[in-house]
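Listed below are the residues making up each chain.
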Amino acid sequence: MKRSLIKLKILVGIISFFLWANALAEVVLPQHEKSMSVGNVDCASSTCHGSVVPWSQSPVLQNEYFTWKNMDRHSQSYQSLLSQKSIQIAQKLNLAQPAHVTTQCLNCHTHYPDKKLQGKSFSVQDGVGCESCHGPAEKWGVTHTQKGTTHQDNIKHGLYPTSRPLALAKLCNSCHVGDATKFVSHRLLAAGHPRLTIELNTFLKIEPPHYLVDEDYKLRKGELSPVKIWAIGQAEIAIARLDMLSDPKRNHQGIFPEQALFDCSACHHQFSQQQISSKINQAPGVLRLNDSSLLMLRAMVQVALPDKIGQYNRLVYELDQSFSQKNTLVNSFENVQDKAKKLSLLIQQMVPALEAFVYSPEKVRAIFITLVKGSPDYSNYADAEQAYMALSSVGEVYLQNYSKNASQIKNSMVQLSKELASEEQFQAQSFIKQYSKFAQFLQVQNGVQ
Ligand code: HEC
Ligand code: HEC
Ligand code: HEC
Ligand code: HEC
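Residues numbered from 1 in each chain as written. Chains lettered and ligands numbered in written order. Predicted model: local features only at pLDDT ≥ 70, side-chain atom pairs only at ≥ 80, totals over all residues. Heavy atoms only, no water.

Describing the overall build of the protein
Thinking step 1. Across its full length, the protein holds 20 helices and two strands.
Thinking step 2. Over its C-alpha atoms, taken along the principal directions, the protein stretches across nearly 70 × 60 × 50 Å.
Thinking step 3. Looking at the protein as a whole, 47% of its 449 residues are labelled buried.
Thinking step 4. For the protein, the separation between the mean place of its 45 positive charges and that of its 37 negative charges on side chains is 4 Å. (Helix = DSSP H or I, 4+ residues; strand = E, 2+ residues; numbered from the N terminus. Buried < 20%, exposed > 50% of the residue type's maximum accessible area, 1.4 Å probe, protein only. Lys, Arg positive; Asp, Glu negative; His and termini not counted. Charge placed at Lys NZ, Arg CZ, Asp CG, Glu CD.)

Here it is in structure tokens:
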């Protein structure tokens, strides 16, 4: 091939890569999509997705509705707004109306598009239904059953690209972390709402899946790589939380910054519990961010983008310092916002590289070991919980290729999970001790220092 032709090909490659990345950056979440939502009943007939058992002749299982209705919490999410707990939350928050008619709650607990875009079979009682994740079905609902229609055609007709890790992370995180339009604030938590948390790969498993990633699936949509899903999920959590912190409209509740963005145990703990953290960046007595996603991402950056790790660690350090640093700004929170914006930008720039990264067995092993080595930093419940879920997601792939010590590794995981059994009774020192034992064992096995 001529050199100029090669150059041209590279250029076209780069341009189309950016177009693709851009297309994703602009992906519209199902709730904001401007076509009609037809409602779950349109998907639920027994010859469509409402079969009780999977079909052997079809490329998809066809019993998706059954799985969703009977095993997936999302089908109960509207019902939850009628529960005693919700009545209590509504009272404590002094809501003008009951929870099940309050937009703030419906935005996350149901598919809640604009009234004009709700079709005649649409029902808010379906909760987080098919169209919450797959997008309003006005157009793709008609064409997806026609012969010869490909997955790409469906996406062109408004099917949300749930099989792409970045789009998937944006979707699930929009309700499980929050975004510019919805959020579980500290006020909502204090009124009784459960604390939100998510690790994308783990949550996909416990949902549970109503699809089978078999050979046919891979031909149509490609692989669903658990480690990539974990990594992109963490990057997107970090971006979402940093953006909330740096947005002046969202980061304050009275005299405090939005407490839901911080480590709960920084304020809520008994004096008898040893809290002074062994984290490198933090002095005693300083408010700590919930930085669990930043810690997870650190392991990922170290292995996948080693030339960025210095810059990454520096920006995380500067953000942590910004909470306690003396400065001359009139509004000292501007310093925090500035640091949060810079870190968010760096992570946004890293996302395409994390998507393109090849998660080979050796790299997965390196990520696994780096995660295990991070133990002294996992010193509060949110960090510990994320570390555990990360080890499950990455460890599963690690064990597919390095199964020599599978039973000891699984045992260590059981020990760690016991440490996490109760948030109230969580003991950081005890968790770190178990974790360090695990780290030593793995280092000996792998000959890593
Ligand atoms: C429109 C908002 C919304 C979206 C999008 C969403 N969820 Fe949820 N999810 C919820 C709500 C609300 C609940 C709580 C349901 C209940 O119990 O009332 C929930 C519950 C869950 C649970 C059960 C948690 C538990 O404690 O048992 C899992 C797992 C879960 N979601 C995973 C996911 C995954 C994975 C995605 C993306 C594929 C996703 N969710 C997308 C709103 C959403
Ligand atoms: C940013 C999205 C979001 C908003 C806003 C939101 N929720 Fe939730 N809610 C969730 C998710 C996600 C869960 C599941 C948490 C989990 O288990 O991980 C949940 C769980 C709950 C539960 C516990 C369900 C159960 O039985 O386990 C109740 C009750 C609840 N929400 C009520 C409300 C009420 C009332 C409002 C409005 C005042 C509200 N929520 C607003 C996302 C949201
Ligand atoms: C909480 C989000 C969520 C909800 C709600 C949801 N799905 Fe899915 N669905 C997914 C994800 C994630 C995948 C896997 C990624 C993909 O293949 O696009 C998927 C995949 C599928 C597939 C493709 C299987 C394949 O082999 O290609 C079908 C069909 C499907 N869902 C139907 C439904 C139906 C019908 C409903 C309602 C009863 C529903 N889904 C509700 C998230 C959701
Ligand atoms: C900056 C300190 C701070 C942080 C960080 C913080 N809280 Fe709070 N929290 C408070 C204060 C102050 C109150 C109100 C006083 C009280 O009720 O103890 C409160 C009250 C609460 C209550 C109500 C307690 C009651 O007795 O009614 C809950 C629940 C709660 N917080 C949960 C959380 C969760 C979950 C997190 C982490 C996501 C968190 N808080 C982070 C300071 C904080």
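Examining the packing of helix α12 (residues 226-246) against helix α14 (residues 292-304)
Thinking step 1. One can describe the packing of α12 onto α14 by two numbers: an axis separation of 9 Å at closest approach and a directional angle of 140°. One element, α12, and the other, α14, form an angle in the oblique class. The chirality of how α12 crosses α14 is left-handed. Across the interface between the two elements, W230, A231, Q234, A235, I237, A238 and L242 of α12 pack against S292, S293, L294, M296, L297 and M300 of α14.
Thinking step 2. Along the lines of polarity and charge, the residues of the contact of α12 with α14 split into ten nonpolar, three polar and no charged. (Axes fitted to C-alpha atoms, helices over the stretch in contact; angles between N-to-C directions. Parallel < 35°, antiparallel > 145°, perpendicular 65-115°, else oblique. Left-handed = near helix turned anticlockwise from the far one by under 90°. Contact = heavy atoms within 4.5 Å. Nonpolar A, V, L, I, M, F, W, Y, C, P; charged D, E, K, R; others polar.)

Things to note about the coordination of the iron atom of ligand 3
Thinking step 1. Ligation of the iron atom of ligand 3 by protein atoms is provided by H134 (NE2) and H210 (NE2), these donors lying 2.0 Å from the ion.
Thinking step 2. Considering all six donor atoms around the iron atom of ligand 3, the spread of angles at the metal, 87 to 179°, places the coordination shape in the octahedral class. Remark: H210 occurs in the loop between α10 (200-206) and α11 (215-221) and H134 occurs in helix α5 (residues 130-134); sequence separation between them is 76 residues.
Thinking step 3. Judged by its relative accessible area of 26%, H134 falls in the partly exposed class.
Thinking step 4. The class for H210 is buried, based on a relative accessible area of 18%. (Donors = N, O, S within 2.8 Å, 3.2 Å for Na, K, Ca; no water. Tetrahedral: all angles 85-135°; square planar, octahedral: opposite > 155°, others 65-115°.)

With respect to the coordination of the iron atom of ligand 4
Thinking step 1. Protein-derived coordination of the iron atom of ligand 4 comes from H186 (NE2) and H268 (NE2), at a distance range of 2.0 Å.
Thinking step 2. Considering all six donor atoms around the iron atom of ligand 4, the spread of angles at the metal, 88 to 179°, places the coordination shape in the octahedral class. Of this pair, H186 sits in helix α9 (residues 186-190) while H268 sits in the loop between α13 (264-267) and α14, and the two are 82 residues apart along the sequence.
Thinking step 3. Given the relative accessible area of 59%, H268 is considered exposed.

Some details on the site of ligand 3
Thinking step 1. Around ligand 3 sit 21 residues in total, of which C130, C133, H134, H210 and Y217 are the nearest.
Thinking step 2. Contacts to ligand 3 include Y217, whose side-chain N or O atom sits 2.6 Å from an oxygen atom.
Thinking step 3. Every element with two or more residues in the shell around ligand 3 is listed here: α2 (64-71), α5 and α11.
Thinking step 4. Its residues placed into classes, the shell around ligand 3 shows ten nonpolar, seven polar and four charged. (Near = heavy atom within 4 Å. Polar contact = N/O pair within 3.5 Å; in protein donor to acceptor, adjacent residues only side chain to side chain.)

Some remarks on the packing of α12 against helix α16 (residues 333-356)
Thinking step 1. Interhelical geometry of α12 versus α16 gives an angle of 155° and a closest axis separation of 8 Å. Taken as axis vectors, α12 and α16 run roughly antiparallel relative to one another. Every pair of crossing elements has a handedness; the one defined by α12 and α16 is left-handed. Only F333, V336, Q337, A340, K341, L343, S344, I347, Q348, V351, L354 and E355 of α16 make contact with α12, whose side of the interface consists of K228, I232, A235, E236, A238, I239, L242, D243, L245 and S246.
Thinking step 2. A class-by-class count of the residues in the contact of α12 with α16 yields 13 nonpolar, four polar and five charged.

So, the pattern of salt bridges
Thinking step 1. Counted by the stated rule, this structure contains 13 salt bridges.
Thinking step 2. We note a salt bridge from D114 to K116, for which the minimum N-O separation is 3.5 Å.
Thinking step 3. The exposure class of D114 is partly exposed, given its relative accessible area of 43%.
Thinking step 4. You can call K116 exposed: its relative accessible area is 69%.
Thinking step 5. Measuring nitrogen to oxygen at the nearest pair gives 3.1 Å for the salt bridge that ties D216 to R220. With D216 and R220 both in helix α11 and four residues apart, the pair spans about one turn of that helix.
Thinking step 6. Look at D216 and you get partly exposed, because its relative accessible area is 29%.
Thinking step 7. Overall, R220 belongs to the partly exposed group, its relative accessible area being 32%. (Salt bridge = Lys/Arg side-chain N within 4 Å of Asp/Glu carboxyl O.)

Let's talk about the packing of aromatic side chains
Thinking step 1. Under the defined criterion, the tally for this structure stands at ten aromatic pairs.
Thinking step 2. Where F262 meets F323, the ring centres are 5.4 Å apart and the plane angle is 80°; that geometry is what we call edge-to-face. Of this pair, F262 sits in the loop between β2 (256-257) and α13 while F323 sits in the loop between α15 (309-322) and α16, placing them 61 residues apart in sequence.
Thinking step 3. Among the residues examined, F262 registers a relative accessible area of 4% and is labelled buried.
Thinking step 4. When the centroid spacing of 5.0 Å and the interplanar angle of 90° are considered together, the rings of F357 and Y359 count as edge-to-face. There is no split in this pair, since F357 and Y359 are both buried.
Thinking step 5. Here the aromatic cluster, defined as three or more aromatic residues joined through ring pairs, consists of Y378, Y381, F426, F431 and Y435.
Thinking step 6. One cation-aromatic arrangement involves R365 over Y402; the distance from NZ or CZ to the ring centre is 5.7 Å. (Phe/Tyr/Trp six-rings, centres within 6.5 Å; stacked < 30°, edge-to-face > 60°. Lys NZ or Arg CZ within 6 Å of the ring centre and 35° of its normal.)

Considering the site of ligand 4
Thinking step 1. In the vicinity of ligand 4, the residues found are H186, L189, A190, Q259, A260, F262, D263, C264, C267, H268 and L287.
Thinking step 2. Take H268: an N or O atom from its side chain is 2.8 Å from a nitrogen atom of ligand 4.
Thinking step 3. Elements that contribute at least two residues to the shell around ligand 4 include exactly α9 and α13.
Thinking step 4. Ranked by residue count, the leading element in the shell around ligand 4 is α9, at three residues.
Thinking step 5. Tallied by class, the residues present in the shell around ligand 4 amount to seven nonpolar, three polar and one charged.

Let's talk about the nonpolar core
Thinking step 1. Within the largest apolar cluster, 80 residues are counted, with the highest numbers of intra-cluster contacts made by W230, M300, Y312, I347 and L371.
Thinking step 2. Here this core takes 13 residues from α12, the largest share from any one element.
Thinking step 3. Contact partners of M300, with chain neighbours within four places excluded, come to W230, A231, L305, L354, F357, Y359 and I367.
Thinking step 4. The next biggest cluster of nonpolar side chains, apart from the first, holds six residues, and it includes L81, A99, C105 and Y112. (Core = buried A, V, L, I, M, F, W, Y, C linked by side-chain atoms within 4.5 Å.)

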